[in-house]
Amino acid sequence: MTGTRIAALGHYQPAKVLTNDDLAALVDTSDAWISSRVGIRTRHVAGPDEPVDEMAAHAGAKALASAGLTPADVDLVLVATSTAIDRSPNTAARVAARLGMVSPATMDLNVVCAGFTHALATADHAVRAGSASRVLVIGADKMTEVADWTDRTTCVLVGDGAGAAVVEAAPDSAGAGIGPVLWGSVPEMGHAVRIEGTPPRFAQEGQSVYRWATTQLPPIARRVCERAGVAPEELAAVVLHQANLRIIEPIAQRIGAVNAVIARDVTESGNTSAASIPMAFSKLVERGEVTSGAPALLFGFGGNLSYAGQVVRIP
(Lines give C-alpha, C1' and ligand atoms only; values in the text may rest on other atoms or scores of the structure.)
Protein backbone atom coordinates (compact mmCIF):
# COMPACT_ATOMS: atom_id res chain seq x y z
CA MET A 1 0.00 0.00 0.00
CA THR A 2 1.19 3.48 -0.83
CA GLY A 3 1.08 6.47 1.44
CA THR A 4 -0.73 9.74 0.78
CA ARG A 5 -0.14 13.43 1.14
CA ILE A 6 -1.91 16.76 0.82
CA ALA A 7 -0.43 18.31 -2.32
CA ALA A 8 -2.11 21.71 -2.03
CA LEU A 9 -4.91 23.68 -0.40
CA GLY A 10 -7.37 26.37 -1.45
CA HIS A 11 -10.21 28.37 0.05
CA TYR A 12 -13.03 30.70 -0.92
CA GLN A 13 -15.29 33.14 0.94
CA PRO A 14 -18.12 35.33 -0.35
CA ALA A 15 -17.41 39.03 -0.70
CA LYS A 16 -20.14 40.24 1.66
CA VAL A 17 -18.95 40.70 5.27
CA LEU A 18 -21.36 40.90 8.21
CA THR A 19 -19.95 42.56 11.31
CA ASN A 20 -21.11 42.27 14.90
CA ASP A 21 -22.46 45.80 14.68
CA ASP A 22 -24.49 44.76 11.62
CA LEU A 23 -25.99 41.92 13.67
CA ALA A 24 -26.80 44.28 16.50
CA ALA A 25 -29.20 46.01 14.12
CA LEU A 26 -31.02 42.70 13.53
CA VAL A 27 -31.22 41.11 17.00
CA ASP A 28 -30.68 42.09 20.62
CA THR A 29 -26.90 41.74 20.77
CA SER A 30 -23.70 43.80 20.65
CA ASP A 31 -20.12 43.57 19.50
CA ALA A 32 -18.99 43.27 23.12
CA TRP A 33 -21.44 40.45 23.86
CA ILE A 34 -20.45 38.41 20.79
CA SER A 35 -16.70 39.01 21.11
CA SER A 36 -16.60 38.06 24.78
CA ARG A 37 -18.61 34.87 24.38
CA VAL A 38 -17.44 33.38 21.08
CA GLY A 39 -14.56 35.56 19.85
CA ILE A 40 -16.15 36.29 16.47
CA ARG A 41 -15.84 39.76 14.96
CA THR A 42 -16.97 39.21 11.35
CA ARG A 43 -18.35 36.51 9.08
CA HIS A 44 -18.84 36.18 5.30
CA VAL A 45 -22.32 35.75 3.84
CA ALA A 46 -23.14 34.18 0.49
CA GLY A 47 -25.87 35.72 -1.63
CA PRO A 48 -29.04 33.92 -2.76
CA ASP A 49 -27.41 33.23 -6.13
CA GLU A 50 -24.24 31.74 -4.60
CA PRO A 51 -24.98 28.07 -3.76
CA VAL A 52 -22.78 25.66 -1.86
CA ASP A 53 -21.45 23.96 -5.00
CA GLU A 54 -20.30 27.28 -6.46
CA MET A 55 -18.28 28.13 -3.35
CA ALA A 56 -16.91 24.58 -3.32
CA ALA A 57 -15.85 24.81 -6.96
CA HIS A 58 -14.00 28.08 -6.36
CA ALA A 59 -12.04 26.52 -3.48
CA GLY A 60 -11.37 23.36 -5.47
CA ALA A 61 -10.11 25.28 -8.49
CA LYS A 62 -7.72 27.23 -6.27
CA ALA A 63 -6.35 24.03 -4.71
CA LEU A 64 -5.83 22.44 -8.13
CA ALA A 65 -4.07 25.52 -9.44
CA SER A 66 -1.81 25.59 -6.38
CA ALA A 67 -0.92 21.93 -7.01
CA GLY A 68 -0.20 22.62 -10.69
CA LEU A 69 -2.95 20.22 -11.75
CA THR A 70 -5.95 20.31 -14.06
CA PRO A 71 -9.46 19.01 -13.32
CA ALA A 72 -8.74 16.05 -15.60
CA ASP A 73 -6.11 14.86 -13.12
CA VAL A 74 -8.76 14.10 -10.47
CA ASP A 75 -10.64 10.79 -10.36
CA LEU A 76 -12.59 11.23 -7.10
CA VAL A 77 -14.38 14.28 -5.69
CA LEU A 78 -15.53 14.27 -2.07
CA VAL A 79 -17.57 17.17 -0.70
CA ALA A 80 -18.36 17.46 2.99
CA THR A 81 -21.49 19.56 3.49
CA SER A 82 -24.69 19.61 5.51
CA THR A 83 -26.31 22.66 3.93
CA ALA A 84 -26.75 21.75 0.27
CA ILE A 85 -30.49 22.06 -0.41
CA ASP A 86 -30.83 19.70 -3.38
CA ARG A 87 -30.43 15.94 -3.04
CA SER A 88 -29.50 15.13 -6.64
CA PRO A 89 -27.27 15.84 -8.44
CA ASN A 90 -25.16 15.80 -5.32
CA THR A 91 -22.82 18.68 -4.56
CA ALA A 92 -19.70 16.77 -5.62
CA ALA A 93 -21.22 16.04 -9.04
CA ARG A 94 -22.12 19.70 -9.48
CA VAL A 95 -18.58 20.72 -8.52
CA ALA A 96 -17.18 18.24 -11.05
CA ALA A 97 -19.44 19.70 -13.74
CA ARG A 98 -18.46 23.29 -12.88
CA LEU A 99 -14.77 22.38 -13.11
CA GLY A 100 -15.13 20.34 -16.31
CA MET A 101 -13.84 17.09 -14.85
CA VAL A 102 -13.69 13.86 -16.85
CA SER A 103 -15.75 10.98 -15.33
CA PRO A 104 -14.69 11.23 -11.67
CA ALA A 105 -16.45 9.38 -8.89
CA THR A 106 -18.45 11.91 -6.86
CA MET A 107 -19.70 11.63 -3.28
CA ASP A 108 -21.06 13.92 -0.59
CA LEU A 109 -20.44 13.30 3.12
CA ASN A 110 -22.65 14.80 5.81
CA VAL A 111 -20.84 14.76 9.15
CA VAL A 112 -21.56 18.45 9.72
CA CYS A 113 -18.64 20.21 11.49
CA ALA A 114 -16.42 17.10 11.39
CA GLY A 115 -17.16 16.56 7.71
CA PHE A 116 -13.85 17.63 6.24
CA THR A 117 -11.68 15.42 8.44
CA HIS A 118 -13.99 12.47 7.71
CA ALA A 119 -13.71 13.21 3.98
CA LEU A 120 -9.93 13.57 4.21
CA ALA A 121 -9.70 10.15 5.89
CA THR A 122 -11.94 8.67 3.18
CA ALA A 123 -9.67 10.11 0.49
CA ASP A 124 -6.61 8.73 2.27
CA HIS A 125 -8.18 5.28 2.42
CA ALA A 126 -9.26 5.36 -1.24
CA VAL A 127 -5.77 6.23 -2.48
CA ARG A 128 -4.08 3.72 -0.19
CA ALA A 129 -6.45 1.00 -1.38
CA GLY A 130 -5.81 1.85 -5.03
CA SER A 131 -9.38 2.86 -5.86
CA ALA A 132 -8.39 6.46 -6.57
CA SER A 133 -5.15 8.12 -7.61
CA ARG A 134 -5.91 11.76 -6.89
CA VAL A 135 -8.79 13.15 -4.84
CA LEU A 136 -10.25 16.63 -4.52
CA VAL A 137 -11.56 16.95 -0.95
CA ILE A 138 -13.77 19.93 -0.18
CA GLY A 139 -15.59 21.21 2.89
CA ALA A 140 -18.28 23.74 1.99
CA ASP A 141 -21.25 25.12 3.86
CA LYS A 142 -23.75 27.96 3.61
CA MET A 143 -24.66 28.17 7.27
CA THR A 144 -26.37 31.54 6.92
CA GLU A 145 -29.08 29.85 4.84
CA VAL A 146 -30.05 27.58 7.75
CA ALA A 147 -29.63 30.20 10.48
CA ASP A 148 -32.53 31.36 12.62
CA TRP A 149 -32.03 35.12 12.39
CA THR A 150 -34.33 35.68 15.37
CA ASP A 151 -32.16 33.59 17.72
CA ARG A 152 -29.30 35.74 18.98
CA THR A 153 -27.50 32.75 20.53
CA THR A 154 -26.98 30.99 17.19
CA CYS A 155 -27.25 33.51 14.34
CA VAL A 156 -24.16 35.36 15.61
CA LEU A 157 -22.07 32.21 15.14
CA VAL A 158 -22.43 31.33 11.49
CA GLY A 159 -20.68 32.18 8.25
CA ASP A 160 -20.27 30.78 4.73
CA GLY A 161 -17.30 29.50 2.77
CA ALA A 162 -15.36 26.57 1.36
CA GLY A 163 -11.94 25.00 1.71
CA ALA A 164 -10.28 22.31 -0.38
CA ALA A 165 -7.34 19.92 -0.42
CA VAL A 166 -5.78 17.82 -3.16
CA VAL A 167 -4.85 14.35 -1.89
CA GLU A 168 -2.50 12.15 -3.88
CA ALA A 169 -0.24 9.14 -3.50
CA ALA A 170 3.16 9.57 -1.89
CA PRO A 171 5.79 7.13 -0.65
CA ASP A 172 5.32 6.33 3.03
CA SER A 173 8.95 7.29 3.51
CA ALA A 174 8.42 10.79 2.10
CA GLY A 175 7.51 12.24 5.49
CA ALA A 176 4.75 14.33 3.91
CA GLY A 177 1.76 12.17 4.59
CA ILE A 178 -1.68 11.89 6.11
CA GLY A 179 -1.66 10.05 9.41
CA PRO A 180 -4.23 7.51 10.58
CA VAL A 181 -7.63 8.87 11.49
CA LEU A 182 -9.27 8.57 14.87
CA TRP A 183 -13.00 9.05 14.56
CA GLY A 184 -16.20 8.42 16.47
CA SER A 185 -19.38 9.97 17.83
CA VAL A 186 -21.74 10.22 20.78
CA PRO A 187 -25.03 9.18 19.11
CA GLU A 188 -27.17 9.55 22.21
CA MET A 189 -26.25 13.25 22.32
CA GLY A 190 -26.88 13.95 18.64
CA HIS A 191 -29.68 16.32 19.63
CA ALA A 192 -27.11 18.79 20.99
CA VAL A 193 -26.39 20.18 17.50
CA ARG A 194 -29.17 20.09 14.91
CA ILE A 195 -30.12 21.28 11.44
CA GLU A 196 -33.73 20.15 11.27
CA GLY A 197 -37.17 21.03 10.01
CA THR A 198 -38.76 22.51 6.89
CA PRO A 199 -37.18 24.87 6.14
CA PRO A 200 -34.12 23.50 7.97
CA ARG A 201 -32.81 25.56 10.86
CA PHE A 202 -29.59 25.37 12.88
CA ALA A 203 -29.97 25.00 16.66
CA GLN A 204 -27.73 23.77 19.44
CA GLU A 205 -27.49 23.24 23.18
CA GLY A 206 -24.52 25.51 23.69
CA GLN A 207 -23.54 24.55 27.23
CA SER A 208 -23.72 20.81 26.48
CA VAL A 209 -21.51 21.25 23.42
CA TYR A 210 -19.05 23.43 25.33
CA ARG A 211 -18.67 20.93 28.19
CA TRP A 212 -18.29 17.98 25.82
CA ALA A 213 -15.77 19.72 23.60
CA THR A 214 -13.54 21.13 26.35
CA THR A 215 -13.52 18.05 28.58
CA GLN A 216 -13.89 15.01 26.34
CA LEU A 217 -12.03 16.02 23.19
CA PRO A 218 -8.50 16.94 24.38
CA PRO A 219 -7.57 13.34 25.33
CA ILE A 220 -8.97 12.12 22.01
CA ALA A 221 -6.87 14.68 20.15
CA ARG A 222 -3.78 13.51 22.03
CA ARG A 223 -4.57 9.94 20.92
CA VAL A 224 -4.63 11.20 17.32
CA CYS A 225 -1.06 12.39 17.83
CA GLU A 226 -0.08 9.04 19.36
CA ARG A 227 -1.43 7.18 16.33
CA ALA A 228 0.71 9.36 14.08
CA GLY A 229 3.80 8.91 16.26
CA VAL A 230 4.00 12.67 16.87
CA ALA A 231 4.26 14.22 20.33
CA PRO A 232 1.96 17.24 20.90
CA GLU A 233 4.95 19.50 21.47
CA GLU A 234 6.24 18.55 17.99
CA LEU A 235 3.15 19.93 16.26
CA ALA A 236 3.77 23.02 14.16
CA ALA A 237 0.08 23.83 13.82
CA VAL A 238 -3.25 22.91 15.38
CA VAL A 239 -6.31 23.44 13.21
CA LEU A 240 -9.48 22.65 15.15
CA HIS A 241 -13.02 23.11 13.94
CA GLN A 242 -13.58 26.85 14.12
CA ALA A 243 -16.64 26.80 16.36
CA ASN A 244 -15.92 29.25 19.14
CA LEU A 245 -12.68 30.80 20.39
CA ARG A 246 -13.65 29.83 23.95
CA ILE A 247 -13.66 26.19 22.80
CA ILE A 248 -10.61 26.32 20.51
CA GLU A 249 -8.17 27.83 23.02
CA PRO A 250 -8.88 25.47 25.97
CA ILE A 251 -8.71 22.39 23.74
CA ALA A 252 -5.42 23.52 22.18
CA GLN A 253 -3.96 24.19 25.62
CA ARG A 254 -5.03 20.80 27.00
CA ILE A 255 -3.59 18.98 24.00
CA GLY A 256 -0.17 20.28 25.00
CA ALA A 257 0.79 21.70 21.61
CA VAL A 258 3.00 24.34 23.20
CA ASN A 259 5.01 25.12 20.04
CA ALA A 260 2.14 25.12 17.56
CA VAL A 261 0.46 27.92 15.66
CA ILE A 262 -3.20 27.75 16.67
CA ALA A 263 -5.68 28.54 13.90
CA ARG A 264 -8.10 31.26 15.01
CA ASP A 265 -9.88 31.95 11.75
CA VAL A 266 -13.20 31.86 13.62
CA THR A 267 -12.61 35.49 14.60
CA GLU A 268 -13.00 36.69 11.01
CA SER A 269 -15.05 33.87 9.46
CA GLY A 270 -17.42 32.58 12.14
CA ASN A 271 -18.50 28.95 12.25
CA THR A 272 -18.50 27.66 8.67
CA SER A 273 -19.08 24.01 9.66
CA ALA A 274 -17.31 21.60 7.26
CA ALA A 275 -15.49 24.49 5.57
CA SER A 276 -13.81 25.73 8.74
CA ILE A 277 -10.79 23.41 8.97
CA PRO A 278 -9.65 23.45 5.32
CA MET A 279 -10.29 27.18 5.08
CA ALA A 280 -8.30 27.98 8.23
CA PHE A 281 -5.51 25.59 7.19
CA SER A 282 -5.32 27.06 3.69
CA LYS A 283 -4.99 30.57 5.11
CA LEU A 284 -2.14 29.56 7.43
CA VAL A 285 -0.25 28.06 4.49
CA GLU A 286 -1.03 30.95 2.13
CA ARG A 287 0.20 33.52 4.65
CA GLY A 288 3.40 31.56 5.29
CA GLU A 289 2.67 31.14 9.01
CA VAL A 290 3.60 27.45 8.98
CA THR A 291 6.52 25.45 7.56
CA SER A 292 6.08 23.01 4.68
CA GLY A 293 6.66 19.41 5.76
CA ALA A 294 6.01 20.08 9.45
CA PRO A 295 3.24 18.18 11.28
CA ALA A 296 -0.18 19.72 11.82
CA LEU A 297 -3.13 18.36 13.76
CA LEU A 298 -6.50 18.64 12.04
CA PHE A 299 -9.43 17.87 14.35
CA GLY A 300 -13.10 18.28 13.53
CA PHE A 301 -15.98 17.98 15.97
CA GLY A 302 -19.55 19.08 16.45
CA GLY A 303 -22.74 18.05 14.64
CA ASN A 304 -24.00 14.56 15.59
CA LEU A 305 -21.42 15.03 18.36
CA SER A 306 -19.05 13.40 15.89
CA TYR A 307 -15.31 13.86 15.77
CA ALA A 308 -12.43 12.93 13.48
CA GLY A 309 -8.80 13.92 13.44
CA GLN A 310 -5.45 13.16 11.86
CA VAL A 311 -1.94 14.53 11.81
CA VAL A 312 -0.86 15.68 8.35
CA ARG A 313 2.30 17.15 6.91
CA ILE A 314 1.88 20.75 5.85
CA PRO A 315 1.98 21.11 2.03
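Our structure's up above, just so we're on the same page.
Residues numbered from 1 in each chain as written. Predicted model: local features only at pLDDT ≥ 70, side-chain atom pairs only at ≥ 80, totals over all residues. Heavy atoms only, no water.

Draft legend 1. Region of the structure containing the overall build of the protein. In terms of regular secondary structure, the protein is built from nine helices and 14 strands. Computed over the C-alpha atoms, the radius of gyration of the protein is 18 Å, within 12% of the 20 Å expected from 2.2 N^0.38 for a compact globule of 315 residues. In terms of overall dimensions, the protein has a C-alpha envelope of 55 × 45 × 40 Å along the principal axes. The buried share among the 315 residues of the protein stands at 57%. (Helix = DSSP H or I, 4+ residues; strand = E, 2+ residues; numbered from the N terminus. Rg over C-alpha atoms; globule rule 2.2 N^0.38 Å. Buried < 20%, exposed > 50% of the residue type's maximum accessible area, 1.4 Å probe, protein only.)

Draft legend 2. Inspection of the state of the cysteines at higher detail. The tally for this structure, following the rule as stated, stands at zero disulfides. Not engaged in a disulfide, the cysteine cysteine 113 finds its nearest cysteine sulfur in cysteine 155; these two sulfurs lie 16 Å apart. Owing to a relative accessible area of 9%, cysteine 113 belongs among the buried residues under this scheme. (Disulfide = S-S within 2.5 Å.)

Draft legend 3. The arrangement of the nonpolar core in detail. By size, the foremost hydrophobic cluster in this structure holds 48 residues, and its most contacted members are Leu217, Leu235, Leu297, Phe299 and Phe301. Among the elements of the structure, α2 (31–38), α6 (206–228), β11 (237–240), α7 (245–255), β13 (295–302) and β14 (306–313) are those that each provide at least two residues to this core. Counting residues per element, this core draws most heavily on α6, which supplies eight residues. Beyond its immediate stretch of four places on either side in the chain, leucine 235 contacts Cys225, Val230, Ala257, Asn259, Ala260, Pro295, Ala296, Leu297 and Val311. Counting 32 residues, the second largest nonpolar core, distinct from the first, contains Val135, Ala165, Val167 and Val290. (Core = buried A, V, L, I, M, F, W, Y, C linked by side-chain atoms within 4.5 Å. Contact = heavy atoms within 4.5 Å.)

Draft legend 4. Representation of the pairing of strand β4 (residues 76–80) in the model. Across the five residues that make up β4, a large majority, five, are buried. Burial of β4 is two-sided: the residues Leu76, Leu78 and Ala80 facing one way and the residues Val77 and Val79 facing the other way are all buried. The pairing of β4 with strand β5 (residues 105–109) spans five bridges and is parallel. Note on β5: the bridge partner recorded for leucine 78 is methionine 107. As paired strands, β4 and strand β6 (residues 134–142) are joined by five bridges and run parallel to one another. Looking at the pairing, valine 77 lines up with leucine 136 of β6. (Pairing = 2+ DSSP bridges.)

Draft legend 5. Spatial organisation of the sheet that holds β4. Strands sit in the order β1-β7-β6-β4-β5 across an open sheet of five strands; the sheet is mixed. One side of each edge strand has no neighbouring strand; the edge strands of this open sheet are β1 (3–12) and β5. Adjacent strand axes in the sheet meet at a mean angle of 20° when their direction is disregarded. Two elements, β6 and strand β7 (residues 160–170), share nine bridges in a ladder whose sense is antiparallel. Along β7, the bridge assignment pairs leucine 136 with valine 166. (Axes fitted to C-alpha atoms, helices over the stretch in contact; angles between N-to-C directions.)

Draft legend 6. A look at helix α9 (residues 276–286). Burial analysis of α9 places nine of its 11 residues in the buried class, which makes it a mostly covered element. Taken together, the buried positions of α9 are occupied by Ser276, Ile277, Pro278, Met279, Ala280, Phe281, Ser282, Lys283 and Leu284. Just downstream of α9 lies glycine 288, where phi reads positive at about 70°.

Draft legend 7. Quick peek at the environment of serine 282. Mapping serine 282 onto the fold places it in helix α9. In sequence terms serine 282 and leucine 9 are 273 residues apart; their C-alpha atoms lie 5.3 Å from each other. Apart from residues lying up to four places away in sequence, serine 282 is in contact with Leu9, Gly10 and His11. Within the local environment of serine 282, its side chain forms a polar contact with the side chain of histidine 11, the two groups lying 2.7 Å apart. (Polar contact = N/O pair within 3.5 Å; in protein donor to acceptor, adjacent residues only side chain to side chain.)

Draft legend 8. Main features of α7. Looking only at α7, the buried set comprises Leu245, Ile247, Ile248, Pro250, Ile251, Ala252 and Ile255. For α7, the elements touching its buried residues are α2, α6, β11, β12 (261–262), α8 (266–269) and β13. The N-cap of α7, judged by a side-chain oxygen 2.7 Å from the amide nitrogen of arginine 246 a few residues on, is asparagine 244. Just past α7, the residue glycine 256 takes up positive phi, approximately 95°.

Draft legend 9. Up close: the packing of α6 against α7. Running from N to C, α6 and α7 cross one another at 30°; their axes reach a closest spacing of 9 Å. On the basis of their axis angle, the class for α6 and α7 is roughly parallel. Regarding α6 and α7, the two cross each other, and that crossing is right-handed. Along its contact with α6, which presents Tyr210, Ala213, Thr214, Thr215, Leu217, Pro218, Ala221 and Arg222, the element α7 presents Arg246, Ile247, Pro250, Ile251, Arg254 and Ile255. Its residues assigned to classes, the contact of α6 with α7 shows nine nonpolar, two polar and three charged. (Parallel < 35°, antiparallel > 145°, perpendicular 65-115°, else oblique. Left-handed = near helix turned anticlockwise from the far one by under 90°. Nonpolar A, V, L, I, M, F, W, Y, C, P; charged D, E, K, R; others polar.)

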